[in-house]
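Letter by letter, the chains look like this.
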Amino acid sequence: MRRRLPAAALALGIVLALLAAAPALAAGYRYWSFWDGAAGGQWSYAAQGPSLARPADGSVQGFRFAVSKDAAAEAAKPRAAADFEAVCGATAPAEGRKRVALVIDFGVQADAPTGEVVPQEAPRTACAQVAPDATTAEALAAVAKPLRYNSAALLCAISGYPQHGCGEQIAQTGTAEASAEPSGSAPGGGPSAGLLVGIAAVAALAAAGVWQSRRRGR
């Protein structure tokens, strides 16, 4: 009977760890995600926030408002290609300035906060001409004011949208829970803390089970 107890405890521990991680897997966040334009018109999740990133001349930067999972692989991408020529091709280069192509995707009505309307259905594009050392946030401010940030410098609104809220967590039912900042918004992406704790707990319990099994075999 005593030999069965460690196995039962291990199984129970794994179940509890997975249950603890489940909210992190199920929950999403309503927020503006930030993207770098990549080769072939593709998007890659930005490793820095827009207030830290300093794009080079000819760069494409994207923003997408959506309810997304708290992970780069599951975040909603801008629905327009990262095409510098399509956005800035008609803007002549200027000495002492750089051109940054911006794609601003306000998302779909289903992801809009209660009582608000998506400003436009199709993604907006703009070519910002800014100083050579300007950040993406400064380029965005040049073409898409007003911007709104919270006290932690998280980008909350572009062109005044949305009027309220900032990175709030959304339950599976689509309702907002207590406000929380997605780790992918500022400055970069990654899984949520709850998921990492759950995975670590499962790994530790699994290792304990292997150790216990080897001990019995001696």
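In this text, all values refer to a predicted model and were calculated from it rather than measured experimentally.

The subject of this paragraph is the side chain of Arg 99. Relative to the elements of secondary structure, Arg 99 occurs in strand β4 (residues 98-105). Of the side chains with opposite charge, Asp 57 lies nearest to the buried Arg 99, which makes no salt bridge, at 4.2 Å. Here Arg 99 is in contact with Ala 56, Asp 57, Gly 58, Ser 59, Phe 84, Cys 88, Thr 91, Ala 92, Pro 93, Cys 127, Ala 128 and Gln 129, once residues within four sequence places are set aside.

Of all 8 residues in β4, 8 are buried; the element is thus mostly enclosed. Of the two faces of β4, the one carrying Lys 98, Val 100, Leu 102 and Ile 104 and the one carrying Arg 99, Ala 101, Val 103 and Asp 105 are both buried. Sheet topology places strand β3 (residues 59-69) next to β4; 6 bridges connect them, and they run parallel. Pairing of Val 60 across the sheet is with Ala 101, part of β4. The sheet contact formed by β4 and strand β5 (residues 124-130) spans 7 bridges and is antiparallel. Directly across from Ala 101, in β5, lies its bridge partner Cys 127.

Time to look at helix α3 (residues 136-143). Within the sequence span of α3, burial applies to Thr 136, Ala 137, Ala 139 and Leu 140. Each buried residue of α3 sits inside an arc of 160° when the element is viewed along its axis, so together they form one side. Packing partners of the buried residues in α3 comprise β1 (28-37), β3, β4, β5, β6 (148-149) and β7 (155-157).

Scanning all chains against the criterion turns up 2 disulfides. Residue pairing for Cys 88: its cysteine sulfur links by disulfide to Cys 127, the two sulfurs lying 2.1 Å apart. An S-S torsion of about 110° defines the bridge between Cys 88 and Cys 127 as right-handed. Of the two residues, Cys 88 sits in helix α2 (residues 84-88) while Cys 127 sits in strand β5, which places them 39 residues apart along the sequence.

This part is about unusual backbone geometry. The omega torsion across Lys 145 and Pro 146 is -5°, close enough to zero to call that bond cis. In this structure, Pro 146 sits in the loop between α3 and β6. Despite not being glycine, Ala 153 shows a phi value in the positive range, around 65°. Here Ala 153 is to be found in the loop between β6 and β7. With relative accessibility at 42%, the residue Ala 153 sits in the partly exposed group. Positive phi values are uncommon outside glycine, yet Ser 159 reaches one of about 50°. Using a relative accessible area of 22% as the deciding quantity, one classes Ser 159 as partly exposed.

Parameters at a glance
- Residues numbered from 1 in each chain as written.
- Predicted model: local features only at pLDDT ≥ 70, side-chain atom pairs only at ≥ 80, totals over all residues.
- Heavy atoms only, no water.
- Helix = DSSP H or I, 4+ residues; strand = E, 2+ residues; numbered from the N terminus.
- Buried < 20%, exposed > 50% of the residue type's maximum accessible area, 1.4 Å probe, protein only.
- Lys, Arg positive; Asp, Glu negative; His and termini not counted.
- Salt bridge = Lys/Arg side-chain N within 4 Å of Asp/Glu carboxyl O.
- Contact = heavy atoms within 4.5 Å.
- Pairing = 2+ DSSP bridges.
- Arc of directions from axis to C-beta.
- Disulfide = S-S within 2.5 Å.

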